[in-house]
Amino acid sequence: MARSLEKHLTAFLLLAAVVPSGCSILGPSEGPEAQFRAQTQSGTAPLEVQFTDQSSPGSSPITKWTWLFGDGAKRTERNPVHVYEEPGTYGVVLRVETDV
């Protein structure tokens, strides 16, 4: 059975900060713990942001990453770059999964 966990962060563009808005349900010894950082957290649009996965796998390796960028875009790579075309506030979600 696959285990998954989501981490929700909010990124505010144009005078921005990344603020945690979610928490883990399973500890890293039981399942994955989603964590990430955003290289750029504010600026003028279009704003290119490098996201870096910093998740803890728990007892099994992470096999899947799903990023939701809050503007309708979705990516499944581990460390994506995303460009926000419009000024605004965007909630970013990272979901990680393992095969166990």
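The structure presented is a predicted model; accordingly, all values stated were derived computationally and were not measured. All residue numbers refer to position in the chain's written sequence, counted from 1. Given that this is a predicted model, residues contribute local features only at a pLDDT of at least 70 and side-chain atom pairs are listed and counted only at 80 or more, while totals for whole chains, interfaces and linings are drawn from all residues. Note: side-chain values were computed over all heavy atoms of the structure, leaving out hydrogens and water.

**Observations regarding the confidence of the model for the protein chain**
In regions of low pLDDT, the predicted coordinates are not meant to be interpreted in detail. Our working definition: Confidence scores per residue from the predictor, reported as pLDDT, run from 0 to 100. Only DSSP runs of H or I covering at least 4 residues are called helices, and only runs of E covering at least 2 are called strands; the numbering of each starts at the N terminus.
Chain-level statistics for the protein chain give a pLDDT mean of 80 and a share of 71% at 70 or above. Within the protein chain, the lowest mean pLDDT, 35, falls on strand 2 (residues 18–20), and the highest, 98, falls on strand 6 (residues 74–75).

**Observations concerning the nonpolar core**
How we decide: In this text, buried Ala, Val, Leu, Ile, Met, Phe, Trp, Tyr and Cys residues form a nonpolar core when linked through side-chain atoms within 4.5 Å. Classification of residues uses two cut-offs on accessible area relative to the type maximum, computed with a 1.4 Å probe and protein chains only: under 20% is buried, over 50% is exposed, and between them is partly exposed.
Within the largest apolar cluster, 15 residues are counted, with the highest numbers of intra-cluster contacts made by Phe51, Trp67, Tyr84 and Leu94. Of all the secondary structure elements, the ones that give two or more residues to this core are strand 3 (36–38), strand 4 (47–53), strand 5 (62–68) and strand 8 (89–98). With four residues, the top contributor of residues to this core is strand 8.

**Brief notes about unusual backbone geometry**
Peptide bonds are, in most cases, trans, and in most cases residues other than glycine have a negative phi. Here the bond from Ala45 into Pro46 is cis, since omega is 0°, no more than 30 degrees from zero. Here Pro46 is to be found in the loop between strand 3 and strand 4.

**Regarding the packing of aromatic side chains**
For any pair of aromatic rings, the description rests on two quantities: the centre-to-centre distance and the angle between the ring planes. Here is the rule: Only centres within 6.5 Å qualify two rings of Phe, Tyr or Trp (six-membered ring in Trp) as a pair; their planes then separate them into stacked at under 30 degrees, edge-to-face at over 60, and tilted for everything else.
Scanning all chains against the criterion turns up six aromatic pairs. Between Phe51 and Phe69, the ring centres sit 5.3 Å apart and the planes meet at 45°, which makes this aromatic pair tilted. Taken as a pair, Phe51 in strand 4 and Phe69 in the loop between strand 5 and strand 6 lie far apart in primary sequence, 18 residues in all. Judged on exposure class, the residue Phe51 and its partner Phe69 are both buried. Ring pairing ties together the aromatic residues Phe36, Phe51, Trp67 and Phe69, which thus form one cluster.

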